[in-house]
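So you can see what is in the structure, the chains are spelled out below.
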Amino acid sequence: MTTSHHKRNKLEIAIDPFLSQNEKDYLVPLLLGWSGGAEAALSWFKSEPLAAYGNLTAQQLCESGKAESFVEYVKGLELGGFA
């Protein structure tokens with residue numbers, strides 16, 4: 001297993017409990033592309049405050065039962081919304 005594959009797996013493991021397979025299939029490539037790699041995407045998911053959600057991180061948002069809001073947030077960004 002390559003290092004980049006291992007790091008991608010860490011990202012997938014972090015989001016796995018919160019999202020359906022279809023959501024993961026949509027989000028993982030998108031987050032990897034935006035962030036430049038799995039390590040940066042994982043760091044963003046775990047530690048970047050989202051102002052639109054009271055400065056919760058994406059992980060905290062998902063942990064609070066609002067994974068659907070996280071998915072909608074990312075979809076909004078993809079369509080040109082602001083973070």
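The numbering scheme is per chain: residues are counted from 1 as the chain's sequence reads. Totals for whole chains, interfaces and linings use every residue, but because this is a predicted model, local features are given only for residues with pLDDT of at least 70 and side-chain atom pairs only at 80 or more, for both listing and counting. Just so you know, side-chain values use all the structure's heavy atoms and leave hydrogens and water out.

Side note on the packing of aromatic side chains
Part 1 of the argument: Aromatic rings from Phe, Tyr and Trp, with only the six-membered ring used for Trp, were paired whenever their centres fell within 6.5 Å, and each pair was classed as stacked if the ring planes differed by under 30 degrees, edge-to-face if by over 60, and tilted otherwise. Considering all chains together, one arrives at 3 aromatic pairs under this definition.
Part 2 of the argument: Judged by centre distance (5.6 Å) and plane angle (65 degrees), the rings of Phe-45 and Phe-70 are edge-to-face. One end of the pair, Phe-45, is in helix 3 (residues 38–47); the other, Phe-70, is in helix 5 (residues 67–78), and 25 residues separate them in sequence. Each member of the pair, Phe-45 together with Phe-70, is buried.
Part 3 of the argument: Summarising the aromatic geometry, the rings of Tyr-53 and Tyr-73 are spaced 5.9 Å apart at their centres and angled 75 degrees between planes, so their arrangement reads as edge-to-face. In this pair, Tyr-53 is assigned in the loop between helix 3 and helix 4 (58–63) and Tyr-73 in helix 5, connecting sequence segments 20 residues apart.
Part 4 of the argument: With a relative accessible area of 26%, Tyr-53 lands in the partly exposed category.
Part 5 of the argument: For every residue, the accessible area obtained with a 1.4 Å probe (protein chains only) is divided by the maximum for its type, and the residue is called buried under 20%, exposed over 50%, and partly exposed between those limits. The exposure class of Tyr-73 is buried, given its relative accessible area of 9%. Under the DSSP-based scheme used, a helix requires at least four consecutive residues in state H or I and a strand at least two consecutive residues in state E, with every element numbered from the N terminus.

Overview of the confidence of the model for the protein chain
In regions of low pLDDT, the predicted coordinates are not meant to be interpreted in detail.
Part 1 of the argument: pLDDT: the predictor's confidence for each residue, scored from 0 to 100. When the pLDDT values of the protein chain are averaged, the result is 89; 88% of them are 70 or greater.
Part 2 of the argument: By mean pLDDT, helix 1 (residues 3–15) is the weakest element of the protein chain at 77, and helix 4 is the strongest at 97.

Overview of the packing of helix 2 (residues 21–35) against helix 5
Part 1 of the argument: What counts as an axis is a line fitted to C-alpha atoms, over the stretch in contact for a helix, and the angles between N-to-C directions run from 0 to 180 degrees. At their nearest, the axes of helix 2 and helix 5 sit 11 Å apart, and the two run at 50 degrees to each other. It follows from the interaxial angle that helix 2 and helix 5 lie oblique. Of the two elements, helix 2 crosses helix 5, and the hand of that crossing is left-handed. Here helix 2 contributes Glu-23, Tyr-26, Leu-27, Leu-30, Leu-31 and Trp-34 to the contact with helix 5, which in turn contributes Phe-70, Val-71, Val-74, Lys-75, Leu-77 and Glu-78.
Part 2 of the argument: Here the contact of helix 2 with helix 5 is built from residues that sort into 9 nonpolar, no polar and 3 charged. Throughout, the term roughly parallel applies to angles under 35 degrees, roughly antiparallel to angles over 145, roughly perpendicular to angles from 65 to 115, and oblique to all others. By convention the crossing between two helices is left-handed if the near helix lies anticlockwise of the far one by an angle smaller than a right angle, and right-handed if it lies clockwise. Contacts: residue pairs with any heavy atoms within 4.5 Å of one another. Throughout, the ten residues Ala, Val, Leu, Ile, Met, Phe, Trp, Tyr, Cys and Pro are labelled nonpolar, Asp, Glu, Lys and Arg are labelled charged, and all others, Gly among them, are labelled polar.

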